[in-house]
Amino acid sequence: MANITLRNLTKSYGPTEVLHHVEGTFHDGELIVVVGPSGCGKSTLLRMVAGLETVTSGEIAIDGKVINTREPAERDIAMVFQNYALYPHMSVRQNMAYGLKIRGLPKAEIARKVRDAAEILEIGDYLDRKPRQLSGGQRQRVAMGRAIVRDPQVFLFDEPLSNLDAKLRVQMRLEIRKLQRRLGVTSIYVTHDQVEAMTLGDRLMVLNAGHVEQFGTPIELYERPATAFVAGFIGSPAMNFIETEAADGKLRVGVASVSIESAHRGPATLGIRPEHLVAEDDGPFRVRVQMLEQLGANTLVHGVLDGTDAAFVASLPGVRAASEGDVIAFAPKPGALHLFDRASGKRIDGSLSRCDRAPAGD
Amino acid sequence: MVENRRYLDLATHIVLLLGIAIVALPIWITFVAATHDAVRMTQVPLPLLPGSHFLDNLKETLFGSGLSGTETAPVWRMLLNSLVMALSIAIGKIAISIISAFAIVYFRFPFRMGFFWMIFITLMLPVEVRIVPTFEVVSQLGLLNSYAGLSIPLIASATATFMFRQVFLTIPDEMLESARVDGAGPMRFFFDILLPLSRTNIAALFVILFIYGWNQYLWPLLITTDNSMTTIVISIKQMLEAAEQSPQWNVIMMTALLGMLPPVVVVVTMQKLFVKGLTETDK
Amino acid sequence: MLKRVHFPASPLPYLLVAPQVIITLVFFIWPASQALWQSMLVQDPFGLSTEFVWFENFVALWHDPLYLSSFTRTAFFSLAVAFLSMSFALILAGFAERVVRGATTYRTLLIWPYAVAPVLAGALWVFMFNPTLGILAYGLDMLGYEWNHKVNGGQAMALVIMAAAWKQVAYNFLFYLAAMQAIPRSVIEAAAIDGAGPIRRFWTIVFPLISPTTFFLLVMNVVYAFFDTFGIIHAVTQGGPANATTILVYKVFNDGFVGLDLGSSAAQSVILMILVIAMTVLQFRHVESKVEY
């Protein structure tokens, strides 16, 4: 059983601090996805858990035992690398047996474990091939086999699907999920792809420039993003952001305004997801159409908010038609508005349920 | 790399420094020997720290009449010979190899492959393997004891040609096509486009070939009987012989230092080019 | 071989290859064929007439104990030089690979011996081991071990091996370092996570992956020891004492230029030629097999 606890974790390279006070507890059996844009520090975090990077300050504990100073070999972890990192001169079988041989397991047991893992991953046919004779997807499975065979406390995945083509990626994603559920091993999975993150993770940790923006379930992140960054990162197409001012319980939205019940005054950012908009003649979001994306299942309307040059996207079900220059009005679905503080990016709570369109010319 | 064990980092530096010390030891001893006077250099044990006679020894070695008891030419003359030989070999090799490679890669003409294989064969014939007959040819041509005789027989080896061929093969076809569209003939293409693109390779090769030329031993030994034509590298042999009777180790070691200085300076200052040259010619 | 886009035939390409081809013909092909021809001739004692004897010279060499002992001696010499300089270079490269800062400085300080002429290397080492004055001979003397390579054949061989190997370490170091740096870091990290310590990692992962380089260096070192070490032998031991350091290339020179036995010297040249060709072909064949990541 393995819980992982990160306490006040910080990492610096010389004078530059790249991870700031990261905290989190990962429960036994969870698949935690650490997601964020390039350079946010997610790989560094993973490598610190693996023992491949030193900890500048803070603690990493597995099952209550602090492991900061332990070598990677002593941490009972297994890692799947982005470029698979298979030993090129060894066969698949030897690749998988390597770690077990080092630990001195008897030959018969090693053979059994390798066979079992190969069966789960359906790579039994390639056991005697060398890595260069395998395709990308096959190599990925061998890399996972090498991890499984060790029966570790923790699995670490460092963007394992980035080098695969799109279709394979979708397929492997599900396989990894099923595998992890079946084995029940606590796992940390790093990716920059938010779709991957949403489908795989029990809980997501969103990192941005070394800070944890939010740590919660995918739905939490979707429905109640803690910061504007998370709101814009999760969900595709991305959330619309409108810079506005709150005054007297009203927010200006282009040529219209929205009523709010919030104590907030001053600059704010209003957020509304494209898929949470309904076309309504007196909706407050008036969009001048620039382009349509016909996806079949839905239509993306790209345009600008009337009276401004702020870009705006709305998603409507089915096939819709419109011409460039048309103005379509949208209303938000109930409870779908988000408000963020302009300066800090943090979520402002408050009821934004009422939404009136003030008369034009206000 | 992976471990954070401090002791491993310490061990690394210790081992490397030890290695450098062992590698540098002979040079240090040589340098020390070149800084003492002749008398001190006959007393056992020989010094481990430098003395104060560096400049004296330098002057005597360069301009003096060589070792007493020998008839060697002054060392400055030998340095000159070495320089001329090394430069001739390096420049000569590069010049004829690059135009050969150009012809073989960019022209279709009868016997093209024949010439290629002929050049390839020279890879397998280092001078040590054909010394007697080559000597005869050179002497028949009257090239003994001359700069030409020192350098020309060593110019036509295949390594440089092969390297240039490799480089030319990787240059995109579009270069030639656009040059032709612009109206360039073959030689103009060669000088205006190919040559500039090959600049770093030429420089890298020059470093390697200069060292090769400077350090030649067997060949200059055979064809120079006239003392004024000896190179510094083979004069060491004569000095070592003389050392049997009257050891003047300070002069000998100073000569050795002078003999190794130019190539070492070239390697150290042009390290990147040197490494590039080594790794690309020895494939 | 030929670029897809090329120039048509004209006098020009012939002019371009002419210098190299002419020099190759005059100074390579012609002398080589002369050597072949001479190897099948025997001169009478007065140098007045020559007789064509097919392979008699070769047969004589095969039965000549001096030649055979020189052959085995050369093999021993080249393997010793190769082993010594490659091992030393491997260790240094292994440690140098770990260094992040100052790597270039270390490299500079270790590769310059490549620029030293073999004969100068020999001069340096013979100076250090000079029986009367040499600093290392003196040190050995203090430890109770008498050193005189002018008399002791084994010591003479040891001396030339050390001088030859010392010079080659730089070359081997460069290639080994490059090969080690070409191994993807993640493979090493994976091995560390699998539980392999630094020494095990080196022998089970790094060493196998640089085996193409090891093979390449082995051939290059043997060729070096066979041919480029002439200067060391000539300047330091002159093949002695009592032929203890007479390697094949020195024998060719000695028999040909000093002993003036042109037939035998030519035959020896031909045998060396065959050896070089064999080693070159071996090298070309094996450059094909590379390790893919």
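What counts, and at which threshold
Residues numbered from 1 in each chain as written. Chains lettered and ligands numbered in written order. Predicted model: local features only at pLDDT ≥ 70, side-chain atom pairs only at ≥ 80, totals over all residues. Contact = placed C-beta atoms within 7 Å. Helix = DSSP H or I, 4+ residues; strand = E, 2+ residues; numbered from the N terminus. Nonpolar A, V, L, I, M, F, W, Y, C, P; charged D, E, K, R; others polar. Pairing = 2+ DSSP bridges. Axes fitted to C-alpha atoms, helices over the stretch in contact; angles between N-to-C directions. pLDDT = per-residue confidence, 0-100.

## Focus on the interface of chain C and chain B
At the junction of the two partners, chain C supplies 83 residues and chain B supplies 81 residues. Element by element, the count of residues in the side of chain C that touches chain B is highest for helix α1 (residues 11–38) of chain C, at 19 residues. Looking at the side of chain C that touches chain B, its residues break down into 67 nonpolar, 12 polar and four charged.

## As for the sheet that holds strand β20 (residues 338–341) of chain A
Residues and elements named next belong to chain A. What the five strands build is an open sheet, ordered β13-β12-β11-β14-β20; its pairing is antiparallel. Strands at the two margins of the open sheet, each flanked by one partner only, are β13 (256–259) and β20. Neighbour-to-neighbour, the strand axes of the sheet open up by a mean angle of 35°, direction not taken into account. Alignment of strand β14 (residues 266–272) against β20, held across four bridges, turns out to be antiparallel. Counterpart to A268 in the pairing with β20 is D341.

## Some details on the interface of chain A and chain C
Facing the 18 residues of chain A at the interface are 17 residues of chain C. Sorting the residues of the side of chain A that touches chain C by element identifies β6 (77–80) and α2 (92–102) of chain A as the ones contributing at least two each. In the side of chain A that touches chain C, the residues fall into 13 nonpolar, three polar and two charged.

## Some thoughts on the sheet that holds strand β15 (residues 277–279) of chain A
Residues and elements named next belong to chain A. One open sheet holds the five strands; their spatial order is β15-β19-β16-β17-β18, and the pairing between them is antiparallel. Both outer strands of the open sheet, β15 and β18 (311–317), are each paired with one neighbouring strand and no more. Sheet twist, expressed as the mean angle between neighbouring strand axes with direction ignored, is 50°. Pairing of strand β16 (residues 285–294) with strand β19 (residues 327–332), which is carried by four bridges, proceeds in the antiparallel orientation. The residue of β19 that forms the bridge with V287 is I328.

## Brief notes about the pairing of strand β12 (residues 250–253) of chain A
Residues and elements named next belong to chain A. Relative to β12, strand β11 (residues 240–247) is paired through two bridges, and the arrangement is antiparallel. Note that in β12 the partner of A247 across the bridge is K250. Between β11 and β12, which pair antiparallel in sequence order, lie two residues; one of them, D248, sits at a positive phi of approximately 55°. Bridge analysis of β12 against β13 gives four bridges, and the strand direction is antiparallel. Note that in β13 the partner of L251 across the bridge is V258.

## Let's talk about the confidence of the model for chain C
Residues and elements named next belong to chain C. Taken over all residues, the pLDDT of chain C has a mean of 84, while the share at 70 or more is 94%. Under a pLDDT of 50 for its full length, residues 289–293 has, in the predicted model, 10 contacts with residues more than four places off or in other chains. The ipTM, which scores confidence in the relative placement of chains, is 0.82 for this predicted complex, and the corresponding pTM is 0.82.

## Some remarks on the environment of T237 of chain C
All names here are of chain C. Residue placement: T237 occurs in helix α11 (residues 230–237). It is 8.3 Å that separates the C-alpha atoms of T237 and H149, two residues lying 88 residues apart in sequence. Setting aside anything within four residues of it in sequence, one finds T237 in contact with A156, V160 and T245.

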